[in-house]
Amino acid sequence: MKRSVFAAIFATFLSAVMHAASAQAVPSYDLRDITVGMPIGDLPNEGYVNLTCAKDPDRKLSAWSAWRDCPADERSRHAVRFDFDPETSQDGTKVAGHPVLLTVLVDDKGTVTGLTIETDPKARLYIRKKAFLLGNQVKSRYGAEGWDCKELQPTAGEQPVGGVFLREVCNKTVPGRTLTVERELFRKPDQDIKSFVDQTLVRITKQTN
């Protein structure tokens, strides 16, 4: 009887410890100095270059403070594309070793309401063919538990690559923000043996009340 009570207490304690560890595993920032929900004015200019408007790439920004120069979308968000400064990131604009395209979304109040991380489709083939793996790295960073994932089936003519077909959409909510990770790996009907779709798209969005 005593062993049964002890086992129940220990199981409850272990569950609480694991839950706390899982909560602590959620990072307080999303990418370098950037946390979705922060004021854009708190983001340093050092370490970031090539600030442009996502909807108008020819419009260059001198600093984050010029975010209003970018046109707003239907939700009043201003999309700013950016790169890492080569002086502080010798490997270029990469996340977990993957070349990426980065965009922050800023609302009219100057709050970072979104961040997108997209694997670069122009990366070299030997790097791009692993692009779908970035999704796993992102999910691990925010904790492996609690993801709601859906696997989509191939449409007519779509084929696996190396025996693998992947079209996956995963969602998770963490304190203050919602995460979406989309992964794709397949070959379209009109693509040759050396061409295929292989990408990860990550969206981090500020939660609204």
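Structure: above.
Residues numbered from 1 in each chain as written. Predicted model: local features only at pLDDT ≥ 70, side-chain atom pairs only at ≥ 80, totals over all residues. Heavy atoms only, no water.

K.L.:
Can you help me understand the pairing of strand 3 (residues 78–84) in this one?
P.N.:
On a regular strand, each side chain points to the face opposite its neighbour's, so the side chains alternate between the two faces of the sheet. Among the seven residues in strand 3, five count as buried, and that is most of the element. Two strands pair when backbone bridges link them, and strand 1 (residues 48–53) and strand 3 are joined in this way by four bridges, in the antiparallel orientation. Its bridge partner being in strand 3, Y48 is matched across the sheet by F84. Bridge count between strand 3 and strand 5 (residues 98–106): five bridges; the pairing is antiparallel. Across the sheet, the residue bridging to R81 is T103, located in strand 5. (Buried < 20%, exposed > 50% of the residue type's maximum accessible area, 1.4 Å probe, protein only. Helix = DSSP H or I, 4+ residues; strand = E, 2+ residues; numbered from the N terminus. Pairing = 2+ DSSP bridges.)

K.L.:
Before we go on, may I ask you to explain the state of the cysteines in this structure?
P.N.:
Two cysteines joined by a covalent bond between their sulfur atoms form a disulfide. Inspection of every chain in the model, using the stated rule, returns two disulfides. The partner cysteine of C53 in its disulfide is C70, sulfur to sulfur 2.1 Å. Around the S-S axis, the bridge from C53 to C70 shows a dihedral of about -90° and counts as left-handed. With C53 in strand 1 and C70 in the loop between strand 2 (56–60) and strand 3, this residue pair connects regions lying 17 residues apart in the sequence. Its relative accessible area of 2% is what places C70 among the buried residues. (Disulfide = S-S within 2.5 Å.)

K.L.:
Please clarify how the nonpolar core should be interpreted in this entry.
P.N.:
Ranked by size, the top nonpolar core spans 35 residues in total, and within it W64 and F82 carry the most contacts. Listed by contribution, the elements that provide at least two residues to this core are strand 1, strand 3, strand 5, strand 6 (112–119), helix 3 (133–141), strand 8 (166–174), strand 9 (177–186) and strand 10 (197–206). Top element by residues in this core is strand 5. It accounts for four residues. In this structure W64 touches I40, L43, P44, N45, Y48, L51, V80, F82 and V104, once residues within four positions along its chain are discounted. Counting residues in hydrophobic clusters, the runner-up holds five residues, among them F132, V161, L166 and F196. (Core = buried A, V, L, I, M, F, W, Y, C linked by side-chain atoms within 4.5 Å. Contact = heavy atoms within 4.5 Å.)

K.L.:
I'm lost on the packing of aromatic side chains in this one. Help?
P.N.:
The relative placement of two aromatic rings is captured by the distance of their centres and the angle of their planes. All chains considered together, the criterion is met by five aromatic pairs. Summarising the aromatic geometry, the rings of Y48 and F82 are spaced 5.8 Å apart at their centres and angled 75° between planes, so their arrangement reads as edge-to-face. With Y48 in strand 1 and F82 in strand 3, this residue pair connects regions lying 34 residues apart in the sequence. Like Y48, the residue F82 is buried in the burial classification. What links up through ring pairs into an aromatic cluster is the set Y48, W64, F82 and F84. We note R141 situated over the ring of Y142; from NZ or CZ to the ring centre the distance is 5.6 Å. (Phe/Tyr/Trp six-rings, centres within 6.5 Å; stacked < 30°, edge-to-face > 60°. Lys NZ or Arg CZ within 6 Å of the ring centre and 35° of its normal.)

K.L.:
What is the right way to read the pattern of salt bridges from this model?
P.N.:
Taken as a whole, this structure holds eight salt bridges when the rule is applied. A salt bridge links K139 to E168, with the shortest nitrogen-to-oxygen separation between them at 3.2 Å. Here K139, found in helix 3, pairs with E168, found in strand 8; they are 29 residues apart in sequence, far enough to count as distant. Given the relative accessible area of 12%, K139 is considered buried. Three or more residues are tied together by salt bridges with common partners; here these are K139, E168 and R183. (Salt bridge = Lys/Arg side-chain N within 4 Å of Asp/Glu carboxyl O.)

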